[in-house]
Amino acid sequence: MAKSRNDIPHTGLKGFTKHWRNDVVAAISVSLVALPLSLAIAVAIGIPPVAGLITAVVGGVVTTFFRSSKLAINGPAAGLIGVIFSAILAFQIGGTTTIEAYQYVLAAIIVAGGLQVVIGLLKWGRIAEIFPTTVIHGILASIGIIIFAKQMHVAMGTQSDAGNTIDILKDIIYKFPEINPYIAIISGIGLILLIFHARISYKVFHFIPAPVWVLAVSVPIVILYGHLESEGTILFGEQFHQPKGYLIDVESNWMDNLPIPDFSKAHTFTFWAAVISITLLSTVITLAGAKAVDALDPYKRKTNMNRDLVGVGVSSMVSGALGGLPVITVIVRSTVNVHNHAKTKWSNFYHGLFIALFVLFLIPVIQLFPKAALAAVLVFTGIKLASPRLFIEIYKQGLEQLVFLISTVVITLYKDPLIGLLGGMGITLVAHLLISRVSIPQFVQMVVNSGTKMRHNQDGSYTLKVRGVANFLSMLKLIGLLEKVPAGSNLQVDLSKTRLVDLTFHEKLIDFRRSQLLTGGKVQIIGLTQHVASSNHKLALRSLILPNPQKTSPRQQRIRQIAIDNGWIYTKEIQVDSSELLEFDFFNSRPLEYKHNVVAGAFADTEIDWELSDIVFDEGAMLSKEVYKTTVQLVHLPKKIASFVLEQEGIFDKLFDRVLSFSSSDIDFPEAPFFSKKMRLRGEDEGAIRALFTQDLLAFFESEEIYHIECNGEALLIFKSLRIANTGEIKNMVRFTEELVKKINK
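First, a word on what this report is: a plain description of the structure on this page. (Residues numbered from 1 in each chain as written. Predicted model: local features only at pLDDT ≥ 70, side-chain atom pairs only at ≥ 80, totals over all residues. Heavy atoms only, no water.)

Observations regarding the packing of aromatic side chains
Logical step 1: Summed over the entire model, instances satisfying the criterion amount to 26 aromatic pairs.
Logical step 2: When the ring of Y182 is compared with that of Y225, the centres are 5.3 Å apart and the planes differ by 85°; the resulting orientation is edge-to-face. In this pair, Y182 sits in helix α8 (residues 181-197) while Y225 sits in helix α10 (residues 210-227), placing the two residues 43 residues apart along the sequence.
Logical step 3: With a relative accessible area of 5%, Y182 lands in the buried category.
Logical step 4: Judged by relative accessible area, Y225 falls into the buried class, the value being 7%.
Logical step 5: Here the aromatic cluster, defined as three or more aromatic residues joined through ring pairs, consists of F644, F669, F675, F693, F700, F701, Y707 and F736.
Logical step 6: Above the face of the Y707 ring, K720 is positioned so that its terminal group lies 6.0 Å from the ring centre. (Phe/Tyr/Trp six-rings, centres within 6.5 Å; stacked < 30°, edge-to-face > 60°. Helix = DSSP H or I, 4+ residues; strand = E, 2+ residues; numbered from the N terminus. Buried < 20%, exposed > 50% of the residue type's maximum accessible area, 1.4 Å probe, protein only. Lys NZ or Arg CZ within 6 Å of the ring centre and 35° of its normal.)

Some thoughts on the sheet that holds strand β15 (residues 644-648)
Logical step 1: Read from one edge of the open sheet, 8 strands run β11-β12-β13-β14-β18-β17-β15-β16, paired in antiparallel fashion. The open sheet is flanked by β11 (569-571) and β16 (679-682), the only strands paired with a single partner. The mean angle between the axes of side-by-side strands here comes to 20°, regardless of whether they run parallel or antiparallel.
Logical step 2: Relative to strand β18 (residues 715-719), strand β14 (residues 626-636) is paired through 5 bridges, and the arrangement is antiparallel. Following the sheet pairing, Q633 is matched in β18 by I718. (Pairing = 2+ DSSP bridges. Axes fitted to C-alpha atoms, helices over the stretch in contact; angles between N-to-C directions.)

Topic: a nonpolar patch on the surface
Logical step 1: On the surface, a cluster of nonpolar side chains totalling about 470 Å² of accessible area is made up of L357, L360, F361, L362 and V365.
Logical step 2: No other element matches the 3 residues that helix α14 (residues 346-361) contributes to the nonpolar patch.
Logical step 3: Tracing the sequence through the fold places L357 in helix α14. (Patch = residues over 30% accessible without salt bridge, like charges linked within 9 Å, V, L, I, M, F, W, Y side chains within 5 Å. Areas by Shrake-Rupley, 256 points an atom, 1.4 Å probe, with all protein chains shown as cover. Salt bridge = Lys/Arg side-chain N within 4 Å of Asp/Glu carboxyl O.)

Digging into a negative patch on the surface
Logical step 1: On the surface, a cluster of negative charge is contributed by E580, E583, D609 and E714.
Logical step 2: If you trace the backbone, E580 turns up in the loop between β11 and β12 (592-602).
Logical step 3: Overall, the relative accessible area of 36% leaves E580 in the partly exposed class. (Lys, Arg positive; Asp, Glu negative; His and termini not counted. Charge placed at Lys NZ, Arg CZ, Asp CG, Glu CD.)

Here we look at the nonpolar core
Most often, soluble globular proteins keep nonpolar side chains buried together rather than apart.
Logical step 1: Counting 123 residues, the largest nonpolar core has I355, I366, L491 and F505 as the members making the most contacts within it.
Logical step 2: Once residues within four sequence positions are removed from consideration, I355 is found in contact with S31, A34, L35, L53, A56 and V57.
Logical step 3: With 42 residues, the next largest nonpolar core counts I562, Y707, I709 and M733 among its residues. (Core = buried A, V, L, I, M, F, W, Y, C linked by side-chain atoms within 4.5 Å. Contact = heavy atoms within 4.5 Å.)

With respect to the pattern of salt bridges
Logical step 1: Tallied over the entire structure, the rule returns 17 salt bridges.
Logical step 2: Note that R301 is salt-bridged to D297, the shortest N-O span being 2.9 Å. The same class applies to R301 as to D297, namely buried.
Logical step 3: Notably, a salt bridge pairs E705 with K720, separated by 3.9 Å at the nearest N-O pair. Remark: K720 occurs in the loop between β18 and α28 (727-744) and E705 occurs in the loop between α27 (695-703) and β17 (708-711); sequence separation between them is 15 residues.
Logical step 4: A relative accessible area of 42% places E705 in the partly exposed class.
Logical step 5: Here the salt bridges share partners, and the residues they tie into one network are E129, K291 and K508.

Brief notes about the side chain of K678
Logical step 1: Note that K678 resides in helix α25 (residues 673-678).
Logical step 2: No salt bridge is formed by the buried K678; the nearest opposite charge belongs to E702, separated by 7.1 Å.
Logical step 3: At 3.4 Å, the side chain of K678 forms a polar contact with the backbone oxygen of E702.
Logical step 4: Sequence-distant contacts of K678, defined by excluding residues within four places in its chain, comprise E647, Q648, E649, F701, E702, E704 and I706. (Polar contact = N/O pair within 3.5 Å; in protein donor to acceptor, adjacent residues only side chain to side chain.)

Quick notes on helix α13 (residues 331-339)
Logical step 1: Judged by how many residues are buried, α13 sits mostly within the fold: 7 of 9 residues are covered.
Logical step 2: Along α13, the residues that are buried comprise I331, R333, S334, T335, V336, N337 and V338.

Comments concerning the pairing of β17
Logical step 1: Neither face of β17 is exposed, since H708 and E710 on one face and I709 and C711 on the opposite face are all buried.
Logical step 2: Sheet topology places β15 next to β17; 3 bridges connect them, and they run antiparallel. In the strand pairing of β17, V645 is matched with E710.
Logical step 3: In this sheet, β18 lies alongside β17 in antiparallel orientation, the contact comprising 4 bridges. Bridged to E710 within β18 is L717.
Logical step 4: The loop that links β17 with its antiparallel partner β18 comprises 3 residues; one of these, G713, has a positive phi angle of about 100°.

Keep in mind these values describe shape, not function.
In structure tokens:
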């Protein structure tokens, strides 16, 4: 049931008329997320809240007509809060007010947008690829810490006059006794909703985005506060009065007071430092976001990165001229767009229109939004950007990667994102020099003139022989060489003569392998048998340093023993080639990271082969990324059968099938009411599916545990739940699958 080329939605006006219902439904959800986030971003920076909404409108209405991406959503993003806030602080030296400083920043935003247009027109968008992946994570993590530190005080109803982020974090503890209970109730409930939203499985709860739930709960509390006659509340021995000025300040005549760009500081170093910071970070985040959305796109359409840069550049110029923030690709809203079945880029246009309608007609409602509710949204955003899981994942990639990450974070917190970016790159480069164990001139020679070459073979395939130091500074050359490989062609990458292969370089090779696989080509990476790493991670930096000994966990020992007892084959190492799994509908918008703990065997009576493995996959990407681990079984069928998806049916599934798909997709069987009630069966060829699901097969499903089962016509994908199976569950899964195959083959 994987998407075929014939399923790809139409583009242009034909796509506008054919897919408008899907795009409008998705845009409603996206706009509901964009409304509180756009307000929160502007409030966090300290500028008029409506500036965030203007950015969202421009990101939807303007960007759509220039960009290439089909499913990305454009607007303001939390990732730029640190850059804009730092720029405002830089302009405030000497007594300038926040609004006056923001007017200088607006001018910098316009110039930065113009630079992005130039970069896109000159097709220099690939320059963003040279920034090390871990350093970019460090910049975003530090921005998350800055957001968390500042917004926690808003969420607590306290204030901090500290001069740097570290001291502001300390003040969270020192100021805790001063917490205002009225404010804390709103932000506390909001945080609870945000934390548990992703963990609640009911579709009716997920249909309404988490930030909207926060506002939906906080507005009635605000109204309740307005009717309370109590003089205050006593907490920690102190009396707290009902707060004043705790709602966001959006004037009814907001159009009369919009700040306008001021270019009078264009000759100063501060101005151009702001321009460079905004250009670099917004470009990197936009291109990274576009690549992430491409990975989520069920139809695997590819974005023209240079064209997207032109789109966000033009939009940033328009937004800055109107008093708004830079426009970039925002991953959280893009993920919502994908998960709500948008088809074309018009969903971005509709989302901008809906935000415009909110601004024109819902200002009285927006004026009821408490700052604490928006602070809760941003605190949660900060936690996601700098979550402990990020540091754990980076550590798994190698101890040196954790050093790069933490160094970038520390530099950014004490300086600014631009200095953090340059400092992180510098530390990474010095580490590569030391790990390579060569002199500085040799290192420079291995980077600048490495001798890496591409060869076109007589059989139509290609061979890429990488030499010297393959790190982030080699990325532009690598990209240029990979662009010479046509879609659908085979490529062998030989890394045997490289002194060092860093994570960013290796990540690009893996991404290229995935893209080639979708067009029928294959990419084989060889020559790493003599390289070693400080980690077993698939993307770990590899050099000539002795590796850590690999350890076998108790679970792996048990799986290996089961395999020995049953005559199966067991491989514990990570395997990145999971191409067969990508042919299933489940992975259309869920990027698959890797598989490991692979057990392979065959059913005794039929000799049908199967493979069972632990997999790691993502839902969403970047800020909205959720990482899942589960155990799946892949079974190769001896004959072609109807494609279908079978899963447990929730109470709201039928309702939301109709709302989102405009028709019910569940296939029921009157002769098996229990099966029809508890199971949801989907597929395109209903007649063939009904023929396959005989009375005997239906009875089998009614007597067994519920598994997620998917068939692509030639193979079955089976798993129990979104967690790693224990050894007992593994044995039961194999038994269940063997019985199922027997029923299907009757």
